[in-house]
Amino acid sequence: MWRKVTATSFSSLKSSIFFKRLHLQQATKHNAASASAVSRFATVAPLQEKDGRCPFITFVLGGPGSGKGTQCIKIVETFGFKHLSAGDLLRREMVSNSEYGSMILNTIKEGRIVPSEVTVKLILKEMESSDNHKFLIDGFPRSEENRIAFEKISGAEPDVVLFFDCPEDVMVKRVLSRNQGRIDDNIDTIKKRLKVFEALNLPVIDYYAKKGKVHRINAVGTVDEIFEQVRPVFKACEQKALNRS
Ligand SMILES: Nc1ncnc2c1ncn2[C@@H]1O[C@H](COP(=O)(O)OP(=O)(O)O)[C@@H](O)[C@H]1O
Ligand SMILES: O=c1ccn([C@@H]2O[C@H](COP(=O)(O)OP(=O)(O)O)[C@@H](O)[C@H]2O)c(=O)[nH]1
Ligand SMILES: [Mg+2]
């Protein structure tokens, strides 16, 4: 299993490099643009250099309400991935007496993006504590800065990027009827989130598209119809994912 195989490398990465760097960065302001992120996060040795193996990572991207979380549940059921929703991790952190609680609350309320250090730390912690080696990272990276932070700090890249492509009017309708009591599921915040998605998240999708990693899914249709587009993506890489275990 991935965690057992790489526990040493990942733990030492965590204690020796990631957390030390994190403390340094937390003392600074978090508003750096993606360009400066390149220099803010020093490169670490890729996980696979340490033991020849690395986790199988899928980034699940798309605008608010495009159906990322819904499809992740089906992917988990069918292909046995571990689902990590960045939004859920941040909401859990927010209500856990964390020092970041009020910052996360205000950021989500405004539809902005939480500083990369915080989100990457939560994601890597979950990955490390999981026995699974196949991960769906849902709703992350949301910006080039997020992407660079993850890749530099973890030394890993996604194997697959799913992009749920959905018209804005459909996304707005779905979010407004989501009914999960979320502080950001109101029309004012949705408008801001759509702008942030276009300005900051589409460049991430473009970046991975140029690397041939993006699978565009037409996110209009029933949940089952959409999953029939998703299924072949994972069927095609089942063997590759298995080889990582
Ligand atoms: N294909 C679909 N058709 C209709 N409603 C959907 C579909 N997929 C998801 N939904 C609903 O839309 C809302 C947003 O879906 P969700 O999976 O939470 O999206 P995201 O994680 O991308 O924001 C939820 O209430 C969900 O039940
Ligand atoms: O990597 C992330 C993921 C989420 N968020 C914040 O959390 C909110 C909700 O994210 P989630 O993925 O749950 O929303 P969804 O797209 O599923 O509606 C976003 O608008 C952001 O404010 C963030 O800052 N960084
Ligand atoms: Mg979601």
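Cut-offs and rules
- Residues numbered from 1 in each chain as written.
- Chains lettered and ligands numbered in written order.
- Predicted model: local features only at pLDDT ≥ 70, side-chain atom pairs only at ≥ 80, totals over all residues.
- Heavy atoms only, no water.
- Near = heavy atom within 4 Å.
- Polar contact = N/O pair within 3.5 Å; in protein donor to acceptor, adjacent residues only side chain to side chain.
- Areas by Shrake-Rupley, 256 points an atom, 1.4 Å probe, with all protein chains shown as cover.
- Helix = DSSP H or I, 4+ residues; strand = E, 2+ residues; numbered from the N terminus.
- Nonpolar A, V, L, I, M, F, W, Y, C, P; charged D, E, K, R; others polar.
- Axes fitted to C-alpha atoms, helices over the stretch in contact; angles between N-to-C directions.
- Parallel < 35°, antiparallel > 145°, perpendicular 65-115°, else oblique.
- Contact = heavy atoms within 4.5 Å.
- Buried < 20%, exposed > 50% of the residue type's maximum accessible area, 1.4 Å probe, protein only.
- Pairing = 2+ DSSP bridges.
- Phe/Tyr/Trp six-rings, centres within 6.5 Å; stacked < 30°, edge-to-face > 60°.
- Lys NZ or Arg CZ within 6 Å of the ring centre and 35° of its normal.

Asks: Explain the site of ligand 1 residue by residue, including any values.
Replies: Around ligand 1, 14 residues are found, and the nearest of them are Gly65, Lys68, Thr70, Arg178 and Gly221. Interatomic distance of 2.8 Å between a backbone N/O atom of Gly65 and an oxygen atom of ligand 1. Across the complex, the protein chains shield 74% of the 560 Å² of accessible surface that ligand 1 would expose by itself. Listing elements by their share of the shell around ligand 1, those giving two or more residues are α4 (68–79) and α11 (223–236). The element best represented in the shell around ligand 1 is α4, accounting for 3 residues. In terms of residue class, the shell around ligand 1 is built from 3 nonpolar, 8 polar and 3 charged.

Asks: Residues and numbers for the packing of helix α5 (residues 86–94) against helix α7 (residues 116–128), please.
Replies: Two numbers describe how α5 lies on α7: the axes approach to 10 Å, and their chain directions differ by 100 degrees. Taken together, α5 and α7 sit at an angle that is classed as roughly perpendicular. Residues Ala86, Leu89, Leu90, Arg92 and Glu93 of α5 form the contact with α7, whose participating residues are Val118, Thr119, Leu122, Ile123 and Glu126. Of the residues assigned to the contact of α5 with α7, the class counts are 6 nonpolar, 1 polar and 3 charged.

Asks: Report on the pairing of strand β3 (residues 134–138), specifying residues and quantitative values.
Replies: Of all the 5 residues making up β3, 5 are buried; the element is thus mostly covered by neighbouring parts of the structure. Here β3 shows no split at all, with Lys134, Leu136 and Asp138 on one side and Phe135 and Ile137 on the other all buried. Two strands pair when backbone bridges link them, and strand β1 (residues 56–62) and β3 are joined in this way by 5 bridges, in the parallel orientation. Paired with Thr58 across the bridge in β3 is Leu136. The sheet contact formed by strand β2 (residues 82–85) and β3 spans 4 bridges and is parallel. Within the sheet, the bridge partner assigned to Ser85 lies in β3 and is Asp138.

Asks: Describe the site of ligand 2, listing the residues and the values that go with them.
Replies: Close to ligand 2 lie 19 residues, the nearest being Lys68, Arg91, Arg112, Val114 and Arg193. One nitrogen or oxygen atom from the side chain of Lys68 is found 2.7 Å from an oxygen atom belonging to ligand 2. Take Arg142: an N or O atom from its side chain is 3.0 Å from an oxygen atom of ligand 2. The protein chains hide 96% of the 530 Å² of surface that ligand 2 would expose on its own. If you list the elements that add at least two residues to the shell around ligand 2, you get α5 and α6 (101–109). The element best represented in the shell around ligand 2 is α5, accounting for 4 residues.

Asks: Quick one: what's the story with the packing of aromatic side chains, residue by residue and with numbers?
Replies: Within this structure, the stated rule accounts for 8 aromatic pairs. Plain terms: the ring middles of Phe56 and Phe81 are 6.0 Å apart, the flat faces sit at 70 degrees to each other, and that makes the pair edge-to-face. In this pair, Phe56 sits in strand β1 while Phe81 sits in the loop between α4 and β2, placing the two residues 25 residues apart along the sequence. On the accessibility criterion, Phe56 (1% relative accessible area) is buried. Centre to centre, the rings of Phe59 and Phe150 are 5.5 Å apart; their planes meet at 75 degrees, and the pair counts as edge-to-face. Linking Phe59 in strand β1 with Phe150 in helix α8 (residues 144–154), this pair joins segments that are 91 residues apart in sequence. The same class applies to Phe59 as to Phe150, namely buried. Taken together, the ring pairs in this structure connect Phe59, Phe140, Phe150, Tyr207 and Tyr208 into an aromatic cluster. Taking NZ or CZ as reference, Arg147 lies 3.4 Å from the ring centre of Tyr207, over its face.

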